[in-house]
Amino acid sequence: MFKSILRNTSFGLGYLLLCLFLGEMHPFSLLPMYDSFPNWAYAFYVSDKQDNLLPNNKHFTIPAMDLAHNYYTICEDQKINTGYERETKEELNKAGEIMLEKLLAKRANTLTADTIQLHRICYSLEGDSVIAHNTIMYERAIGK
Amino acid sequence: MKEQSANNRDKQTTEPYWVCLKLSVVFIWIPVMLIMISQSVACPYPVGICKLISFSPLYSAVGKIFLYAALLVSCIFYLLEKRMVLATLSLFVLSCIIISYHESNGFFFRAASLSAVLGAQFFAYAIHYFKPQFDVNKFRIHFGVQIIAASYTLAAIAKLKATGMGWADEGGLFSIQVMKNYSYLYYDTGSSSFLEHGTEIARSFIEHKELVKILLTGALLLELFCFAAVINNKLRVVYGFALLAMHIGIDMAMGIGVGIISKPMVVFFINPVYYICLLGRKIYSKFLAARVTP
């Protein structure tokens, strides 16, 4: 019985141990999805100068969720501490510039705005309400 | 009882079961690879294998032709069951390169299990190559099942490591994640109904903390004890449906869709294409074949 269980699980257990040992090195991963719930969460969107939303599906090839992942990678690379809106204006500006550059590299022809803005929304829980705080990270004029 | 168990085991080592599983794997894997290749522009934040080797030439105009050709040829060999050691190795290596390169662009699809199950199949065929008495018909599937089980267990370990036993108590703060995910849908589509729906769900998460705690505890236990699914075939299918229900629940509550992690799980734990084919054949033989026969 024990031998059979061991034979049926040893390959998976080996993979599990390698993941714990190697961490994030594809095809190994610790899968840290929703492993903690801090009292903040960021989301990012692009708008024109009048704050009219420019939907990602219509104008860009990068979805909003990937844009957020991109933000954390840039911040890690730039040694910027993230969370609880502790990032400085300059840090947000720098990260926003890189994010917009990537976004515009693969934009659709539908984008007609002269100037676009990248916004960060910070959600947090205050009492029993979810509060959203909007910050303009970066703004730039775009050629048509 | 023993006979029934043996029948169950036999069903999962038959050629039709394996062909349906392979078709499902390719059907899931190819679109993910194509999306990742199209989204990768350079390698600004190298991770994994991209830290060691530059794969940028593969992403040039000529390189992409080679990449697409390699994907196509590997898939054809894999589906036709030709030179399986090489075919599975090729699929595994291509998967690792494409996903690592994509991650090196700052995107995270959480697709580790997608490459790992191909690596598991390569492993099974490689052992069989050197040791012909090795039961490759069983382990080319069973190794993959173990990889999926390990992935879910890892996800549970990550939660316990980061937050401890109190992970399920954070139902209120979960509402922030709900708002974030529904705002992604709003930013992608421009449809404000997603924001309204997200606000409603977030509010009910705050109002029903105890229910959320029970659901989160259930999800955590399901993930933590996922290795139970590899011990018994029936339990694996039951576990597959339970995990699928969990993913659908997460999709409905959090609006993040049934992610990549769940797709190989459905294929390896349930293999729905096989059962759909069986059902189709039964319907055909019962109704249509009878009509055709004079």
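First, a word on scope: everything that follows refers to the structure included in this document.

Quick notes on the rules
- Residues numbered from 1 in each chain as written.
- Chains lettered and ligands numbered in written order.
- Predicted model: local features only at pLDDT ≥ 70, side-chain atom pairs only at ≥ 80, totals over all residues.
- Heavy atoms only, no water.
- Helix = DSSP H or I, 4+ residues; strand = E, 2+ residues; numbered from the N terminus.
- Rg over C-alpha atoms; globule rule 2.2 N^0.38 Å.
- Buried < 20%, exposed > 50% of the residue type's maximum accessible area, 1.4 Å probe, protein only.
- Areas by Shrake-Rupley, 256 points an atom, 1.4 Å probe, with all protein chains shown as cover.
- Lys, Arg positive; Asp, Glu negative; His and termini not counted.
- Charge placed at Lys NZ, Arg CZ, Asp CG, Glu CD.
- Contact = heavy atoms within 4.5 Å.
- Buried area = accessible area lost by both parts, 1.4 Å probe.
- Salt bridge = Lys/Arg side-chain N within 4 Å of Asp/Glu carboxyl O.
- Polar contact = N/O pair within 3.5 Å; in protein donor to acceptor, adjacent residues only side chain to side chain.
- Nonpolar A, V, L, I, M, F, W, Y, C, P; charged D, E, K, R; others polar.
- Phe/Tyr/Trp six-rings, centres within 6.5 Å; stacked < 30°, edge-to-face > 60°.
- Lys NZ or Arg CZ within 6 Å of the ring centre and 35° of its normal.
- Pairing = 2+ DSSP bridges.
- Core = buried A, V, L, I, M, F, W, Y, C linked by side-chain atoms within 4.5 Å.

1. Describing the overall build of chain A
For chain A, the helix and strand inventory stands at 4 helices and 3 strands. Beginning at the N terminus, the succession of helices and strands in chain A can be written as α-β-α-α-α-β-β. Taking 144 residues into account, the globule formula puts the C-alpha radius of gyration at 15 Å, and chain A, at 20 Å, lies well above it. If one aligns the C-alpha atoms of chain A with their principal axes, the spans along those axes are about 70 × 40 × 30 Å. Residues classed as buried in chain A amount to 48% of the 144 residues present. Element-wise, carbon and sulfur atoms account for 54% of the exposed surface of chain A, whose accessible area totals about 7400 Å². Charged side chains in chain A number 14 positive and 17 negative. The centres of these two groups are separated by 9 Å.

2. Considerations on the interface of chain B and chain A
Facing 69 residues of chain B, the contacting portion of chain A comprises 60 residues. Between chain B and chain A, a total of about 5500 Å² is buried, with carbon and sulfur atoms accounting for 69% of that surface. Summed over the shared surface of chain B and chain A, the number is 1 salt bridge. The partner of Lys209(B) in a salt bridge is Asp128(A), with the nearest N and O atoms 3.8 Å apart. Counting across the interface, chain B meets chain A through 15 residue pairs in polar contact (both at pLDDT 80 or more). Where the side of chain B that touches chain A is concerned, the elements lending two or more residues are helix H2 (15-39), helix H4 (84-103), helix H5 (112-130), helix H6 (136-163), helix H7 (171-189) and helix H8 (193-207) of chain B. Residues belonging to the side of chain B that touches chain A are distributed by class as follows: 40 nonpolar, 21 polar and 8 charged.

3. Things to note about the packing of aromatic side chains
Residues and elements named next belong to chain A. Counted by the stated rule, this structure contains 25 aromatic pairs over all chains. For the ring pair Trp 40 and Tyr 42, a centre distance of 4.7 Å and an interplane angle of 50° mean the geometry is tilted. By relative accessible area, which is 14% here, Trp 40 ends up buried. With a relative accessible area of 0%, Tyr 42 lands in the buried category. Feature note: the residues Trp 40, Tyr 42, Phe 44, Tyr 71, Tyr 72 and Tyr 84 constitute an aromatic cluster, connected by ring pairs. Above the ring of Tyr 42, the side-chain terminus of Arg 120 is found at 4.4 Å from the ring centroid.

4. Brief notes about the pairing of strand E1 (residues 41-48) of chain A
Residues and elements named next belong to chain A. Burial analysis of E1 places 8 of its 8 residues in the buried class, the great majority of the element. By the alternation rule, side chains of E1 split into Ala 41, Ala 43, Tyr 45 and Ser 47 and Tyr 42, Phe 44, Val 46 and Asp 48, which are all buried. In this structure, E1 lies alongside strand E2 (residues 115-126), joined through 8 bridges in antiparallel fashion. Directly across from Val 46, in E2, lies its bridge partner Leu 118.

5. What about the nonpolar core?
Grouped together as the largest cluster of nonpolar side chains are 75 residues, with contacts concentrated most on Tyr15(A), Trp29(B), Met33(B), Leu243(B), Phe268(B) and Phe269(B). Setting aside anything within four residues of it in sequence, one finds Leu243(B) in contact with Tyr152(B), Leu222(B), Cys226(B), Met265(B) and Phe269(B). Of all hydrophobic cores here, the second largest spans 58 residues; its members include Trp40(A), Ala95(A), Leu100(A) and Met254(B).

Coordinates in, geometry out; function isn't part of it.
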